[in-house]
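# Structure at a glance
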Amino acid sequence: MSKAKATFHSILWNHAGKIVEYILMYAASILIARGLGAAENGTFVGLFSLSQLLLVLCSLGLETSLNKFIPQFAHEHKDSKIAFTLRRILLLRVTACFAVAILFYSAIVLFAVPFLGQSRKILLLVLLFTGIRSIYPLYAMVLTAQLRTALTTRISVVIRTIELFAIIVLMQFSLTIENIIQLFLATSLLHVLAYVVFSRINVFAQAEPVDMKPMIQFGSIYWINTIVDFVLGRQGDILFLINLLPDPTQAGLYDVAYSLAQMTSMGATIGLAGVTFATFARLAVSNRETMDRFYGFSIRLISLLTIPLYAFLLFNTEDVLALLYSPKYLGAVNLVQGILVFRIVSRLFGGPENAEYLLSTGHAGKIVGFGVAAASINITLNILLVPILGAMGSVVAGGLGILAVNVMAAFGVYRHSSNRIQIGFWAKLTVVSVAASFVTMLVIVSTGILSLVVAGTIYATMLGIALYGIKPLAPSDTEWFSRIDHRLGLLLSPFTRMKMNLAQ
């Protein structure tokens, strides 16, 4: 199988599996939010955000390091090198988690942080859950770097299905914060055991020594960026809300708003996670010209997958929130719309593609610098705006922080490549998507699931006609798909302009 086909098949498995996994996780989060209510859900997501913070602190950037270096291993004795690497990485992760757990427990004893005013039992459960949860992403990343995403897909989907059914059962008896955390602890342990059994060759094969120093150094540098991503993301904002405001309801509303916006994005692009970075890493040592073209293709592809969905949700937020979460969460409508506007604007400068390009070309330090600057903006604005605007303060702070890091990283890519900002492509796609969504809102005035289906059908039809008219794809985009299957190239040819113009 060619590299192009292997990558495409890996993306298909990864995307299909991740979509199913994310749907199951999102369905579970909806049930939890509905079952707990806005205030209790705010407390729960605060605890989950704390777990994520601890996970970030003990991560050391190891997943990203595995994703970068494993595709670059020479084919000879590759399994032995992977086994040696994974053993050392697992040992390092466990040691780091143990150290973070000790520091966190000391903080519980010594400091009266408002958020830590939970029962010791729940906080200890959070610690244990975090430690177990930190292990299985390493296995998953090794398999992703090997383009063996079919296995990760099967394992993850089974685990998430078990979680969803368990939450349904708990709702019939007693859905509390404590038993939800206990459930996630049990399924995390099951997740680890599944990887140990079904991916045992990656650990138990005869090991061949590998120089770990470059991996650890790279991971340590990127670790700072992982912390920055936490600050810029939902979990960091929730920790600000839960500690700066007396009522956890605002945190609960923000979590619902962010989850809905994130579901829209992840549903379209989650299969690309890890696979695109592995492709960038491989091309960085083999063909830089192709790598530059792949970057431009990635920008256009991800924008095509996300901006139309953002635009549709922008004018249908209230109906979607009421349908999924019930009318008691309609206070999150403006939050969702604010997040979507920032995301649409940010796509002008790309997103994760920038970091993957710079990391693959040895510019991890720049990514860290950009991230620290953006995190500083986010932290400052959260502290200033949250007491005044509540959850909307976090929307503005997080949105401006992400926009800042995307702008800086994009210009970092432009400095080291022939790529340039694709303002024409972005403007055309954004205008037709927003216009089609607005017209759909004017036509459909009723509410309910049937109205949403009709609205989606009308929107997709208008958007398809508009995309045929503006032809947003470059000839090189169609070529990428034609290498995989000529039928894909034929399918996309009506949306491809005849003459390539990278500025568009």
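Note that the structure is a prediction, hence the values are computed from the model and not measured.

## Comments concerning the overall build of the protein chain
When its secondary structure is counted, the protein chain shows 22 helices and zero strands. The buried share of the protein chain, reckoned over its 504 residues, is 55%. At a minimum sequence separation of 6, the contacts of the protein chain that also span at least 24 residues come to 83%. Carbon and sulfur atoms make up 70% of the accessible area of the protein chain, which totals about 21,400 Å².

## Side note on empty space enclosed by the protein
Overall, the coordinates contain four cavities of 30 Å³ or more when judged by the stated rule. Estimates place the volume of the second largest cavity at around 50 Å³. Around the second largest cavity sit Phe44, Leu47, Phe48, Ser51, Val126, Phe129, Ile181 and Phe184, which together line it. Among the elements of the structure, helix 1 (3-57), helix 4 (120-133) and helix 7 (177-198) are those that each provide at least two residues to the lining of the second largest cavity. Each residue belonging to the lining of the second largest cavity can be placed in one class, and the counts come to seven nonpolar, one polar and no charged.

## Topic: the pattern of salt bridges
Counting across every chain of the model gives two salt bridges. Measuring nitrogen to oxygen at the nearest pair gives 3.1 Å for the salt bridge that ties glutamate 163 to arginine 160. With glutamate 163 and arginine 160 both in helix 6 (residues 149-173) and three residues apart, this pair spans about one turn of that helix. Owing to a relative accessible area of 6%, glutamate 163 belongs among the buried residues under this scheme. Among the salt bridges present, the one from glutamate 353 reaches arginine 347, with a minimum N-O distance of 2.7 Å. Judged by its relative accessible area of 7%, arginine 347 is buried.

## Things to note about the packing of aromatic side chains
Overall, the coordinates contain twelve aromatic pairs when judged by the stated rule. Seen in terms of ring centroids, phenylalanine 48 and phenylalanine 184 are 6.4 Å apart; in terms of plane orientation they differ by 70°. Their pairing is edge-to-face. Residue phenylalanine 48 is located in helix 1, and its partner phenylalanine 184 is located in helix 7; the two are separated by 136 residues in the primary sequence. An aromatic cluster of at least three residues, connected via ring pairs, comprises Phe44, Phe48, Phe129 and Phe184. Positioned above the aromatic ring of tyrosine 258, the side-chain terminus of arginine 343 is 5.2 Å from the ring centre. Sitting over the ring of tyrosine 468, lysine 471 keeps its end group 4.1 Å from the ring centre.

## A look at the nonpolar core
Core analysis: the largest hydrophobic core is formed by 141 residues, its most contacted members being Phe44, Ile181, Phe184, Leu321 and Tyr325. With 15 residues, helix 1 is the largest single contributor of residues to this core. Contact partners of isoleucine 181, with chain neighbours within four places excluded, come to Phe44, Leu47, Ile122, Leu125 and Val126.

## Brief notes about the environment of tyrosine 195
Relative to the helices and strands, tyrosine 195 resides in helix 7. Distance from tyrosine 195 to proline 137, taken between C-alpha atoms, is 9.7 Å for residues 58 residues apart in sequence. Excluding its chain neighbours within four sequence positions, the residues that come into contact with tyrosine 195 are Tyr136, Tyr139, Ala140, Leu143, Thr152, Ile155, Ser156 and Arg200.

## Thoughts on the side chain of serine 59
Along the chain, the position of serine 59 falls in the loop between helix 1 and helix 2 (62-69). Assessed through its relative accessible area of 7%, serine 59 is described here as buried. Every residue in contact with serine 59, bar those within four places of it in the chain, is listed here: Arg93, Trp223 and Thr226.

## As for the environment of alanine 33
Inspection of the secondary structure puts alanine 33 in helix 1. Residue alanine 33 is classed as buried on the basis of its relative accessible area, which comes to 1%. Sequence separation between alanine 33 and glycine 252 is 219 residues, and the spatial gap between their C-alpha atoms is 8.0 Å. In contact with alanine 33, not counting residues within four places along its chain, are Asn41, Val256, Tyr325 and Tyr329.

## Some words on the packing of helix 13 (residues 288-314) against helix 16 (residues 352-360)
The geometry of helix 13 relative to helix 16 is characterised by a closest axis approach of 10 Å and an angle of 165° between their N-to-C directions. Our classification of the angle between helix 13 and helix 16 gives roughly antiparallel. Note that helix 13 runs across helix 16; the crossing there is right-handed. Facing Arg288, Met291, Asp292, Tyr295, Ser298, Ile299 and Ile302 of helix 13, the residues of helix 16 in contact are Glu353, Asn354, Tyr357 and Ser360.

## So, a nonpolar patch on the surface
Judged by side-chain polarity, Leu323, Ile449, Leu450, Val453 and Val454 come together as a nonpolar surface patch covering roughly 470 Å² of accessible area. The residue isoleucine 449 is located in helix 20 (residues 449-470) in this model. For isoleucine 449, a relative accessible area of 55% gives the class exposed.

## Re the confidence of the model for the protein chain
Put simply, the protein chain has an average pLDDT of 80, and 84% of its residues get 70 or more. Helix 15 (residues 333-346) holds the highest mean pLDDT among the elements of the protein chain, 94, whereas helix 8 (residues 201-204) holds the lowest, 68. Scored below 50 in pLDDT, residues 500-504 makes 13 contacts in the model with residues more than four places away or belonging to other chains.

## Considering helix 16
Within helix 16, eight of the nine residues are buried, which leaves the element mostly enclosed by the surrounding structure. For helix 16, the complete set of buried residues consists of Glu353, Asn354, Ala355, Glu356, Tyr357, Leu358, Leu359 and Ser360. Of the residues flanking the end of helix 16, it is glycine 362, one or two places downstream, whose phi is positive at about 80°.

## Overview of the packing of helix 4 against helix 7
Viewed as axis vectors pointing N to C, helix 4 and helix 7 meet at an angle of 20°, and their least axial separation amounts to 9 Å. The angle between helix 4 and helix 7 places the two elements in the roughly parallel class. For the crossing formed where helix 4 meets helix 7, the hand is left-handed. For the pair helix 4 and helix 7, contact is made by Lys121, Ile122, Leu125, Val126, Leu128, Phe129, Ile132 and Arg133 and by Glu178, Ile181, Gln182, Phe184, Leu185, Ser188, Leu189 and Val192, respectively. Residue composition of the contact of helix 4 with helix 7, grouped by class: eleven nonpolar, two polar and three charged.

## Here we look at the side chain of asparagine 179
Residue placement: asparagine 179 occurs in helix 7. At 2.5 Å, the side chain of asparagine 179 forms a polar contact with the backbone oxygen of serine 174. A distance of 3.0 Å separates a polar side-chain atom of asparagine 179 from the backbone nitrogen of threonine 176. Non-local contacts of asparagine 179, meaning those with residues more than four positions away in its chain, are made with Leu170 and Ser174.

The rules behind the values
- Residues numbered from 1 in each chain as written.
- Predicted model: local features only at pLDDT ≥ 70, side-chain atom pairs only at ≥ 80, totals over all residues.
- Heavy atoms only, no water.
- Helix = DSSP H or I, 4+ residues; strand = E, 2+ residues; numbered from the N terminus.
- Buried < 20%, exposed > 50% of the residue type's maximum accessible area, 1.4 Å probe, protein only.
- Contact = heavy atoms within 4.5 Å.
- Areas by Shrake-Rupley, 256 points an atom, 1.4 Å probe, with all protein chains shown as cover.
- 1 Å grid on protein atoms, 1.4 Å probe; cavity = no way out; pocket = protein on both sides within 12 Å on 5 of 7 lines; lining within 4 Å.
- Points joined across faces, edges and corners; volume = space filled by probe spheres on them.
- Nonpolar A, V, L, I, M, F, W, Y, C, P; charged D, E, K, R; others polar.
- Salt bridge = Lys/Arg side-chain N within 4 Å of Asp/Glu carboxyl O.
- Phe/Tyr/Trp six-rings, centres within 6.5 Å; stacked < 30°, edge-to-face > 60°.
- Lys NZ or Arg CZ within 6 Å of the ring centre and 35° of its normal.
- Core = buried A, V, L, I, M, F, W, Y, C linked by side-chain atoms within 4.5 Å.
- Axes fitted to C-alpha atoms, helices over the stretch in contact; angles between N-to-C directions.
- Parallel < 35°, antiparallel > 145°, perpendicular 65-115°, else oblique.
- Left-handed = near helix turned anticlockwise from the far one by under 90°.
- Patch = residues over 30% accessible without salt bridge, like charges linked within 9 Å, V, L, I, M, F, W, Y side chains within 5 Å.
- pLDDT = per-residue confidence, 0-100.
- Polar contact = N/O pair within 3.5 Å; in protein donor to acceptor, adjacent residues only side chain to side chain.

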